[in-house]
Amino acid sequence: GNYLHYGVREFGMGAIMNGIALHGGFVPYGATFLIFMEYMRNAVRMAALMGTRAIYVFTHDSIGLGEDGPTHQPIEQLTTLRATPNLATWRPCDAVETAAAWDAALKRQAGPTALVLSRQTLPHQARDKQQLANIQRGGYVLKDGDGTPELILIATGAEVGLAMDAAAELAQAGRAVRVVSMPSTDRFDAQDAEYRERVLPRAVTARLAIEAGHVDAWYKYVGLDGRVVGMTTYGESGKAEDLFKHFGFTVDNIVEQANELLKDDVQRPRKATTE
């Protein structure tokens, strides 16, 4: 008796969740595949507009959905969720970030929250106490070396593990690489300028974002001289591991893109400065 079974009726689910939230007494959450957010978009937008306290659990968040094909593989949905005013959007990379996202969603009373979760089994990432606290800031340094990094890798969700593996390979080649996990871009954007500068220092222009979704929004963080390993087309039918390889979500491709980016960064003319 704790669940309502909506059937294949995502808009109805979202609308009923709005009604439950407006009635009070419960914090409603509803779950469906991320791609089916499209069917409930009007209800999600109304929740954000009204400031209702609803939680959406969107699963199967990328081309890794697999054999169901491109009709079920979300490409632009993460971008549109993040662009929706007053909707908090989280895409966690492991169980720890998921718990942090759930905590943030339960404590948020001024509007709805979307939790975007992977179908794939994701590796646990080790963190110290400060990194655990910084998850709530939306973006934080997950891996770093000594001094100023040469390159910053930014990733979310399932691609954080990929970024960590690529960073390890680059480090073996003598590169100073920082990995930034950014489970919530809107939460990170709300931080003060000093914190954002500590995570993404302007002096480091070699930046590579990695996400199995549309690329456009990530240029806000990597700049026009940075690169994004992401999607500019719809997906394809096939097994997840084959699709990730086909679209370039591999350690080899990340390392190749990073090395090309570092080469371009060295060759790029610097602006003259005066004192």
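No experiment lies behind these values; they were computed from the predicted model shown.

S.K.: So what's going on with the pairing of strand β8 (residues 207-214)? Which residues, and what values?
M.R.: Among the eight residues that make up β8, seven are buried, leaving the element largely enclosed by the rest of the structure. By the bridge criterion, four bridges tie β8 to strand β9 (residues 227-231) in an arrangement that is parallel. Looking across to β9, one finds that Ala209 is bridged to Val228.

S.K.: How would you sum up the sheet that holds strand β3 (residues 88-90)? Please name residues and give values.
M.R.: Read from one edge to the other, the open sheet built from four strands follows the order β1-β2-β4-β3, with strand pairing classed as parallel. A single partner strand is all that each edge strand has here, and the edge strands are β1 (29-33) and β3. Ignoring strand direction, the axes of neighbouring strands in this sheet form an average angle of 20°. Pairing of β3 with strand β4 (residues 113-116), which is carried by three bridges, proceeds in the parallel orientation. Along β4, the bridge assignment pairs Thr89 with Ala114. Docked against the sheet, helix α4 (residues 95-107) engages β1, β2 (55-59), β3 and β4, running at close to 165° with respect to β4.

S.K.: Please provide a residue-by-residue account of the environment of His72, values included.
M.R.: Along the chain, His72 falls in the loop between β2 and α3 (77-83). The sequence separation of His72 and Gly145 amounts to 73 residues, and the corresponding C-alpha distance is 39 Å. His72 has contacts with Ile35, Phe36 and Leu65, leaving out every residue within four places of it along the chain. Within the local environment of His72, its side chain forms a polar contact with the side chain of Thr71, the two groups lying 2.9 Å apart.

S.K.: Mind laying out the side chain of Arg91, listing which residues take part and the relevant values?
M.R.: Mapped onto the fold, Arg91 is located in the loop between β3 and α4. With a relative accessible area of 0%, Arg91 lands in the buried category. There is a polar contact of 2.8 Å between the side chain of Arg91 and the side chain of Asp61.

S.K.: Residues and numbers for the nonpolar core, please.
M.R.: With 57 residues, the main nonpolar core has Ile63, Leu151, Leu153, Ile154, Leu200, Ile210 and Phe249 as its most contacted residues. Element by element, the count of residues in this core is highest for helix α6 (residues 159-172), at seven residues. Among the nonpolar cores identified, the runner-up in size contains 17 residues, and Leu34, Val44, Ala47 and Leu87 belong to it.

S.K.: So what's going on with the sheet that holds strand β7 (residues 177-181)? Residues and values would help.
M.R.: Sheet strands associate in pairs through backbone hydrogen bonding, adopting either a parallel or an antiparallel arrangement. Here five strands make up an open sheet; going across it, the order is β5-β7-β6-β8-β9 and the pairing mixed. Either end of the sheet is taken by a strand with one partner, and the two such strands are β5 (140-143) and β9. Within the sheet, the average angular offset between the axes of one strand and its neighbour, ignoring direction, is 25°.

S.K.: Can you lay out the packing of aromatic side chains for me, pointing to particular residues and giving the numbers?
M.R.: As enumerated under the stated definition, the model contains eight aromatic pairs in all. Plain terms: the ring middles of Phe36 and Tyr39 are 5.8 Å apart, the flat faces sit at 15° to each other, and that makes the pair stacked. Phe36 sits in the buried class, given a relative accessible area of 18%. Judged by relative accessible area, Tyr39 falls into the exposed class, the value being 55%. Three or more aromatic residues joined by ring pairs form one cluster here, namely Phe188, Tyr195, Trp218 and Tyr221. The residue whose ring lies beneath Arg137 is Tyr195, and the NZ or CZ to ring-centre distance is 4.2 Å.

S.K.: Tell me what's going on with unusual backbone geometry, and back it up with residues and numbers.
M.R.: In the Ramachandran plot, His60 falls in the positive-phi region, its phi being about 55° despite a non-glycine side chain. Here His60 shows up in the loop between β2 and α3. Relative accessible area serves as the criterion here: at 18%, His60 is assigned to the buried category.

Criteria and cut-off values
- Residues numbered from 1 in each chain as written.
- Predicted model: local features only at pLDDT ≥ 70, side-chain atom pairs only at ≥ 80, totals over all residues.
- Heavy atoms only, no water.
- Buried < 20%, exposed > 50% of the residue type's maximum accessible area, 1.4 Å probe, protein only.
- Helix = DSSP H or I, 4+ residues; strand = E, 2+ residues; numbered from the N terminus.
- Pairing = 2+ DSSP bridges.
- Axes fitted to C-alpha atoms, helices over the stretch in contact; angles between N-to-C directions.
- Contact = heavy atoms within 4.5 Å.
- Polar contact = N/O pair within 3.5 Å; in protein donor to acceptor, adjacent residues only side chain to side chain.
- Core = buried A, V, L, I, M, F, W, Y, C linked by side-chain atoms within 4.5 Å.
- Phe/Tyr/Trp six-rings, centres within 6.5 Å; stacked < 30°, edge-to-face > 60°.
- Lys NZ or Arg CZ within 6 Å of the ring centre and 35° of its normal.

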